[in-house]
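# Close look at the chain arrangement
These are the residues of each chain, in order.
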Amino acid sequence: MRANRLLSILLLLQSRGRLTAQALAAEFEVSVRTVYRDIDELSAAGVPVYADRGPGGGFALLDGYRTRLTGMTASEAETLLLAGLPGPAADLGLAEPLAAARLKLLAAVPRAAGEGAARVGDRFHLDPVDWYRRAEPPPHLPAIARAVWGQRRLVIRYESWSATVRRTVDPLGLVLKAGAWYLMARTGADIRTYKVAKVLDLDVLPDGFEYPPGFDLAAQWRDSLQRFARELRRAEAVLRVSPEALPLLDRLGADAAEAVRQAEPDAAGWRQATVPIEGVGHAARLLLGFTDTIEVLDPPELRQALADGARRVTKLYDKEH
């Protein structure tokens, strides 16, 4: 364990530059005293690591020093190859570089590790697209990806839910969710999310932009999802759910399904819970598919919408042909 930590400290200093003892302690979840002992061991082993005191100080490697360590375990090689997903890479226009990198990685690792790692691509496949959807990469995705890599400002013509708009944006990152690509971009002082498939056309501007210091794409995406869920589902409904409906509850959304499953069942197995809904019309369309296995107790408007919908369905199928 300690040998692995020493190697990791060396690689971190090589890749990130100067790091404080506190930062290294937080990274490896050890005490600052342990970090100082590790640094002493690296120095004793001949690694040219030095310390700067005072504000902005920390540990760093002597300028120009690069480790010659090249060993890679079988599990590390397998993990890297599993991370190189061919589908998303092809969408981004990186299929050929990925294939070349895979060959170089297999050539670089020991034979035993390479044989195990090569099996990863043969035995594991990731298909990120939902059922009943086609995998159709957006036509402008490769150009947007290049703008993200190169920090080039874009002018996009975008089809929003209400209108077609033209925006000048700083592309900060791309996210693949459930088979759909999303662009997180800065527009003025705001950071917004754009579905790449709805970009109608774009122009790459010659001027670049400064990447926001400390910007965390994953954290920003999580915040965006939480904000979207809060804004989308502002209403509530009280449902009485039968045991037959429980396996299909995910159709109502994860929050609603969780609320129902956490409710205590009555003697007949029915559960009552208050769940978030997007609106009366949207909820009615979803709940009609559950027929008599879910009863809406509140609000009255949703009960009425379901009754009206049921009458329209009955009229459709009861009419004479």
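Everything here concerns the structure above.
Every value quoted in this text rests on a predicted model; they were computed, and no experiment measured them.

Below, the discussion takes up the overall build of the protein chain. What the protein chain contains, in helices and strands, is 12 helices and 10 strands. Each of the 321 residues in the protein chain was classed as buried or not, and the buried ones make up 32%. If you take every contact in the protein chain between residues at least 6 apart in sequence, the share linking residues at least 24 apart comes to 58%. With the model as given, the accessible surface of the protein chain reaches about 20,800 Å², and the carbon-plus-sulfur share is 53%.

Let's shift gears to the pairing of strand 5 (residues 180-187). Burial analysis of strand 5 places seven of its eight residues in the buried class, the great majority of the element. Two strands pair when backbone bridges link them, and strand 4 (residues 164-177) and strand 5 are joined in this way by seven bridges, in the antiparallel orientation. Bridging across to strand 5, L176 finds its partner in W181. Connecting strand 4 to the next strand, strand 5, in antiparallel fashion are two residues, including A178 with a positive phi near 50 degrees. Sheet topology note: the strand 5/strand 6 (residues 190-195) ladder contains six bridges and is antiparallel. Paired with L183 across the two strands is Y194, which belongs to strand 6. In textbook terms, the turn of a hairpin is the stretch between consecutive antiparallel strands, and for strand 5 and strand 6 this stretch comprises two residues, one of which, G188, has a positive phi near 65 degrees.

What follows deals with the packing of aromatic side chains. The full count for this structure, using the stated rule, is four aromatic pairs. With centroids separated by 5.5 Å and ring planes inclined at 75 degrees, the aromatic side chains of Y36 and F59 adopt a geometry described as edge-to-face. Here the residue Y36 occupies a position in helix 3 (residues 32-44), and F59 occupies one in strand 2 (residues 58-61), the gap between them amounting to 23 residues. Classification of Y36 as partly exposed rests on a relative accessible area of 44%.

Pairing within the open sheet is antiparallel, and its five strands lie in the order 6-5-4-3-7. The open sheet has two edge strands with one neighbour each: strand 6 and strand 7 (199-208). Strand-to-strand, the axes of this sheet are offset by a mean angle of 45 degrees, without reference to chain direction. Against the sheet, helix 8 (residues 141-150) touches strand 3 (152-159), strand 4, strand 5 and strand 7, its axis set at about 80 degrees to strand 4. Set on the sheet, helix 9 (residues 217-232) makes contact with strand 4, strand 5 and strand 6; between it and strand 4 the angle comes to about 110 degrees.

This part takes up the environment of R166. Among the secondary structure elements, R166 is positioned in strand 4. When the C-alpha atoms of R166 and V199 are compared, they prove to be 9.7 Å apart, with 33 residues separating the residues in sequence. When neighbours within four sequence positions are excluded, R166 is seen to be in contact with V155, I156, R157, D201 and D203.

Okay, the pattern of salt bridges next. Enumeration over the complete set of coordinates arrives at 11 salt bridges. Here D170 makes a salt bridge to R153, at a shortest N to O gap of 2.5 Å. Note that D170 is positioned in strand 4 and R153 in strand 3, a separation of 17 residues in sequence. Taking the relative accessible area as the measure of exposure, R153 reaches 22% and is therefore partly exposed.

Cut-offs and rules
Residues numbered from 1 in each chain as written. Predicted model: local features only at pLDDT ≥ 70, side-chain atom pairs only at ≥ 80, totals over all residues. Heavy atoms only, no water. Helix = DSSP H or I, 4+ residues; strand = E, 2+ residues; numbered from the N terminus. Buried < 20%, exposed > 50% of the residue type's maximum accessible area, 1.4 Å probe, protein only. Contact = heavy atoms within 4.5 Å. Areas by Shrake-Rupley, 256 points an atom, 1.4 Å probe, with all protein chains shown as cover. Pairing = 2+ DSSP bridges. Phe/Tyr/Trp six-rings, centres within 6.5 Å; stacked < 30°, edge-to-face > 60°. Axes fitted to C-alpha atoms, helices over the stretch in contact; angles between N-to-C directions. Salt bridge = Lys/Arg side-chain N within 4 Å of Asp/Glu carboxyl O.

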